[in-house]
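Summary of structural features
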Amino acid sequence: MTRLVTVYDDKEPLNNVISALTLDVDEAIYVYHHEVSRNRFKNIQSVLKRYRNIKTQFVQLKNDTEELQALINNKETIADVGGAKYLSLLLFELANRNGNMIVYFDDEENVIKEYEGHKVIKKTAFRLKIEDVLKLRGGEIKSSMHKPISDYRTKKTVVELVENNLNSYGVLIKYITKINSILSASKKKNTRTYILSNTNVRNLESDVCYTRIGDLFTIDGNTLTFKTAKLREMIGVSGAFLENYLYIKLTESKKFDDVRMSADIDFSDDKYMQPVRCEIDCLVIRNNRMLFVSCKSSKADTADLNEIYVHNSMFGNALSAPVLCVAEEMDRQYPSIYAKAEELGVYVIDLSYLENEGAVSAFESVIHRTYRYDVLPK
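So, a few notes on the structure that sits alongside this text. (Residues numbered from 1 in each chain as written. Predicted model: local features only at pLDDT ≥ 70, side-chain atom pairs only at ≥ 80, totals over all residues. Heavy atoms only, no water.)

**Comments concerning the packing of aromatic side chains**
Enumeration over the complete set of coordinates arrives at 14 aromatic pairs. Between Phe217 and Phe226, the ring centres sit 5.7 Å apart and the planes meet at 70°, which makes this aromatic pair edge-to-face. Arranged with centres 6.1 Å apart and planes meeting at 90°, the rings of Tyr338 and Tyr373 form a pair that is edge-to-face. Of the two residues, Tyr338 sits in helix 13 (residues 335–344) while Tyr373 sits in the segment after helix 15 (359–367), which places them 35 residues apart along the sequence. Members of the aromatic cluster, connected to one another through ring pairs, are Tyr8, Tyr30, Tyr32, Phe41 and Phe58. (Phe/Tyr/Trp six-rings, centres within 6.5 Å; stacked < 30°, edge-to-face > 60°. Helix = DSSP H or I, 4+ residues; strand = E, 2+ residues; numbered from the N terminus.)

Here it is as structure tokens:
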């Protein structure tokens, strides 16, 4: 039976599961000193058992040297010294003296290494899903506030609508808001058809955006008909277009391990009777590097930066990152906010990135750490 002894890490949740899952051990023993919420241990067990039948023990040490020595007495036991703590150092010293294999998770390279010679023994670390990363920090996705679109006709229209209007996306959003306002005061024939007044028909057709909406809807006389019922539904939430666009592009690229849109996250961690929730527009993960994404159709402000920064701090880890996706040129139009984003380490995917790189390449640059902030004017 392969057994792993590691120090419970209350700061970096990846260290609690990656080595055990990658090495596929039979048992994982977590040692610690101070009192720890049992919910933290349950979260670790939940993630491990989702993929492997790993027996777990959580041992609060009283006599460090004697108890650790007893745990690693069998030379088949692997010592994981990934956590930078006193107990990790002591475990290393005892395991080294005892001749046990000593490993650690290198979160810079996302690999498992043996201590001696820093040799990579597992070049492909176990890949967690979005739910796993959240669970390790006490979060759980309860629902999606806006369901991602799935039918081909709607997806095609959304992609074309966004890409044809990127350079004037704010104008498009105003037009969408106008459409929704007119429809709310018009007679509804069915889920995608409305009867408009002559005045409202002229109002829509005379707008500069009317020629740039593609096949979003058609107007025949006084009858307005959407291509699909889902498109009518989306008109009521203008921000849903950019969210769905990103979701479509990222999922269909198949370059990411998992993508979730408009996730409603409960982070009460079973401590409260009432839910404690927040919404994140988009979550993306690849090779354990998770991106917390806030989508804004127009100007983003300081509150938006702070919100996505906090979400990453609450639910993320050493590999995760906050991202702000905005359909405007942030560095030119709002340089002070852009500068603050750079100082906070919030990656900004704005209009120039979307136009020049494309959504998929832009997000890949954050994943691969090749992203570069624009140079602000002096």
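Text resumes after the structure shown.
**Side note on the sheet that holds strand 6 (residues 111–114)**
Ordered by their spatial adjacency, seven strands build an open sheet running 3-2-1-4-5-6-7, and the pairing between neighbours is mixed. Taken across any chain shown, the strands that pair with only one partner, and hence form the sheet edges, are strand 3 (55–60) and strand 7 (119–122). Across the sheet, the mean angle separating the axes of adjacent strands is 30° when strand polarity is ignored. In the sheet, strand 4 (residues 78–80) pairs with strand 5 (residues 101–106) via three bridges, with the strands oriented parallel. Looking at the pairing, Ala79 lines up with Ile102 of strand 5. (Pairing = 2+ DSSP bridges. Axes fitted to C-alpha atoms, helices over the stretch in contact; angles between N-to-C directions.)

**A few points about the sheet that holds strand 8 (residues 140–144)**
Read across the open sheet, the six strands follow the order 8-13-14-15-16-17; overall the sheet is mixed. The open sheet has two free edges, formed respectively by strand 8 and strand 17 (347–349), since each of these has just one partner strand. The mean inter-strand angle of the sheet, taken between neighbouring strand axes irrespective of direction, is 40°. Direction of pairing for strand 15 (residues 289–296) relative to strand 16 (residues 321–326): parallel, over a ladder of six bridges. Counterpart to Ser294 in the pairing with strand 16 is Leu324. In the packing of helix 15 onto the sheet, the strands contacted are strand 14 (277–286), strand 15, strand 16 and strand 17, and the crossing angle to strand 15 comes to about 135°. (Contact = heavy atoms within 4.5 Å.)

**Concerning the environment of Ile213**
As for its position among the elements, Ile213 is in the loop between helix 8 (198–205) and strand 11 (217–220). Residue Ile213 is classed as buried on the basis of its relative accessible area, which comes to 3%. Taking C-alpha positions, Ile213 is 5.9 Å from Leu161, a pair spaced 52 residues apart along the chain. In this structure, Ile213 is in contact with Leu161 and Tyr175, ignoring residues within four places of it in sequence. (Buried < 20%, exposed > 50% of the residue type's maximum accessible area, 1.4 Å probe, protein only.)

**A closer look at helix 6 (residues 152–164)**
The α-helix advances 3.6 residues per turn, and as a result positions three or four apart in sequence lie on the same side. Over its 13 residues, helix 6 runs 18 Å from end to end, which matches the ideal 18 Å to within 8%, given 1.5 Å per residue. Thr154, Lys155, Thr157, Val158, Val159, Leu161 and Val162 are the residues of helix 6 that are buried. The inward-facing, buried residues of helix 6 abut helix 7 (169–184), helix 9 (229–235) and helix 10 (240–253). (Expected span 1.5 Å × (residues − 1).)

**Looking at the nonpolar core**
Membership of the largest hydrophobic core comes to 113 residues, with the highest contact counts inside it found for Leu128, Leu283 and Phe363. Discounting residues that sit within four places of it in the chain, Phe363 has contacts with Leu246, Leu250, Phe256, Val284, Leu291, Val293, Val323 and Ile349. Counting residues in hydrophobic clusters, the runner-up holds 18 residues, among them Leu71, Leu94, Ala95 and Tyr104. (Core = buried A, V, L, I, M, F, W, Y, C linked by side-chain atoms within 4.5 Å.)

**Some words on the environment of Gly170**
Mapped onto the elements of the fold, Gly170 is located in helix 7. According to the relative accessible area criterion, Gly170 is partly exposed, its value standing at 27%. Put simply, Gly170 and Leu89 are 81 residues apart on the chain and 55 Å apart in space, counted from C-alpha to C-alpha.

**Describing unusual backbone geometry**
The phi dihedral of Ser262 is positive, around 50°, even though this residue is not glycine. Backbone geometry at Asn287 places phi at a positive 50°, although glycine is not the residue there. Locating Asn287 in the fold gives a position in the loop between strand 14 and strand 15.

**A short note on the pairing of strand 14**
The buried fraction of strand 14 is high, at eight of 10 residues. Pairing of strand 13 (residues 258–266) with strand 14, which is carried by eight bridges, proceeds in the antiparallel orientation. In the sheet register, Asp266 faces strand 14, and the bridge partner there is Arg277. Pairing between strand 14 and strand 15: five bridges, direction antiparallel. Across the sheet, Cys282 pairs through a bridge with Val293, a residue of strand 15.

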